[in-house]
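Notes for the structure review
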Amino acid sequence: MSVPDTVLEVLRGLATPTLANAIDETGAGGVLLGLHAAGPGLRCVGRAVTAREVTGPFGSFPVEDFKVGHMIDAAGPGDVIVVANGGAPVSTWGGMASYAAKLKGIEGLIVDGGVRDREEIQEFGFPVFSAHMVPTPGKTRIRIEAIGEPVVACGIPINPGDIIVADGTGVVALPADRAEEIATLAAGYAKDDAQAMEEMRGGLSFREALAKFAKI
């Protein structure tokens, strides 16, 4: 199923910790642990376009197997590319790919593995979240085995079309068929948080707020 744009708009206003509360409550989706933003202020929300890779020593694969351009071609405006590479500390993505993806309107990149060119990624303002930031190139080390198939990234199953939300705190994945439910629940938590802060400005203590608003 395709998640409606209206749900994505709700998710754009929600932080990953709030969504993680809703993930706990529903038992759907998951948090991709160990991923970090390439720079401050980067955030993305979009439908997943998936890719699965394998990595070996230098010279393991033909250059032609390193099909980064194919990943970019498979994604469109608003999509988030999700690369599953088993946490390998080898770069599958860099500055030029970020520039090309930004021009195409791709929303962001999630890599259970490595990327490089932090300064260029920050310069282009393209949201990249990865397990490693390394200079080691992927050519002849990485083979892209599949694009557009179910993958497991950071231990979380992700299907094409699932929703990815990433910010400075972390990355969460929401199954497409549960995204609206999770978004609605999380939006309620965010409303409670705002109300709790308003009441604390009026004299409510933090302990009282915790008792009144259980999901803070």
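These numbers were taken from a predicted model, which means no experiment stands behind them. (Residues numbered from 1 in each chain as written. Predicted model: local features only at pLDDT ≥ 70, side-chain atom pairs only at ≥ 80, totals over all residues. Heavy atoms only, no water.)

Section: the overall build of the protein
Along the backbone of the protein there are seven helices and 11 strands. On C-alpha atoms alone, the protein measures out to a radius of gyration of 18 Å, which is about the 17 Å that the 2.2 N^0.38 rule sets for 216 residues. Along the three orthogonal principal directions, the C-alpha set of the protein runs to about 65 × 35 × 30 Å. (Helix = DSSP H or I, 4+ residues; strand = E, 2+ residues; numbered from the N terminus. Rg over C-alpha atoms; globule rule 2.2 N^0.38 Å.)

Brief notes about the environment of Ile110
Its location among the elements puts Ile110 in strand β5 (residues 108-115). Looking at Ile110, the relative accessible area reads 1%, which means it is buried. Residues Ile110 and Val128, spaced 18 residues apart in sequence, show a C-alpha to C-alpha distance of 6.1 Å. Every residue in contact with Ile110, bar those within four places of it in the chain, is listed here: Leu32, Leu35, Cys44, Val80, Ile81, Val82, Val83, Phe129, Ile164, Ala166 and Val171. (Buried < 20%, exposed > 50% of the residue type's maximum accessible area, 1.4 Å probe, protein only. Contact = heavy atoms within 4.5 Å.)

Points about the pairing of strand β3 (residues 44-55)
On a regular strand, each side chain points to the face opposite its neighbour's, so the side chains alternate between the two faces of the sheet. As paired strands, β3 and strand β10 (residues 163-166) are joined by four bridges and run antiparallel to one another. Looking at β10, one finds that Cys44 is bridged to Ala166. Two elements, β3 and strand β4 (residues 79-84), share six bridges in a ladder whose sense is parallel. Residue pairing across strands places Thr50 opposite Val82, the latter belonging to β4. Each parallel crossover has a hand, and the one from β3 via helix α3 (residues 68-74) to β4 is right-handed. Across five bridges, β3 lies against strand β7 (residues 142-147) in antiparallel orientation. By the bridge assignment for β7, Thr55 is matched with Ile142. (Pairing = 2+ DSSP bridges. Right-handed = clockwise from strand over helix to strand, strands pointing away.)

Focus: the packing of helix α2 (residues 16-26) against helix α6 (residues 179-201)
Two elements in contact, α2 and α6, have axes separated by 8 Å at closest approach and are oriented at 125 degrees. Taken together, the axis directions place α2 and α6 in an arrangement best described as oblique. The interaxial crossing formed by α2 with α6 has right-handed handedness. Residues Thr18, Leu19, Asn21, Ala22, Glu25 and Thr26 of α2 touch α6, and the partners they reach there are Glu181, Ile182, Leu185, Ala186, Tyr189, Ala190 and Asp193. Residue classes in the contact of α2 with α6 are distributed as seven nonpolar, three polar and three charged. (Axes fitted to C-alpha atoms, helices over the stretch in contact; angles between N-to-C directions. Parallel < 35°, antiparallel > 145°, perpendicular 65-115°, else oblique. Left-handed = near helix turned anticlockwise from the far one by under 90°. Nonpolar A, V, L, I, M, F, W, Y, C, P; charged D, E, K, R; others polar.)

Side note on the nonpolar core
Among the nonpolar cores identified, the biggest contains 41 residues, and Leu32, Trp93, Leu109, Ile110, Ile158 and Ile164 are the most heavily contacted of them. Of all the elements, β4 adds the most residues to this core, at five residues. The contact partners of Leu109, leaving out residues within four places of it in the chain, are Val80, Ile81, Val83, Trp93, Val115, Phe126, Pro127, Val128 and Phe129. (Core = buried A, V, L, I, M, F, W, Y, C linked by side-chain atoms within 4.5 Å.)

A word on the pairing of strand β6 (residues 128-133)
Looking at chain direction, strand β2 (residues 36-37) and β6 are connected through two bridges and run antiparallel. Within β6, the position partnered with Ala37 by the bridge is Phe129. As paired elements, β5 and β6 share five bridges and run parallel to each other. Following the sheet pairing, Ile110 is matched in β6 by Phe129. For the segment spanning β5, helix α5 (residues 118-124) and β6, crossover handedness is right-handed.

These figures come from the coordinates and say nothing about function on their own.
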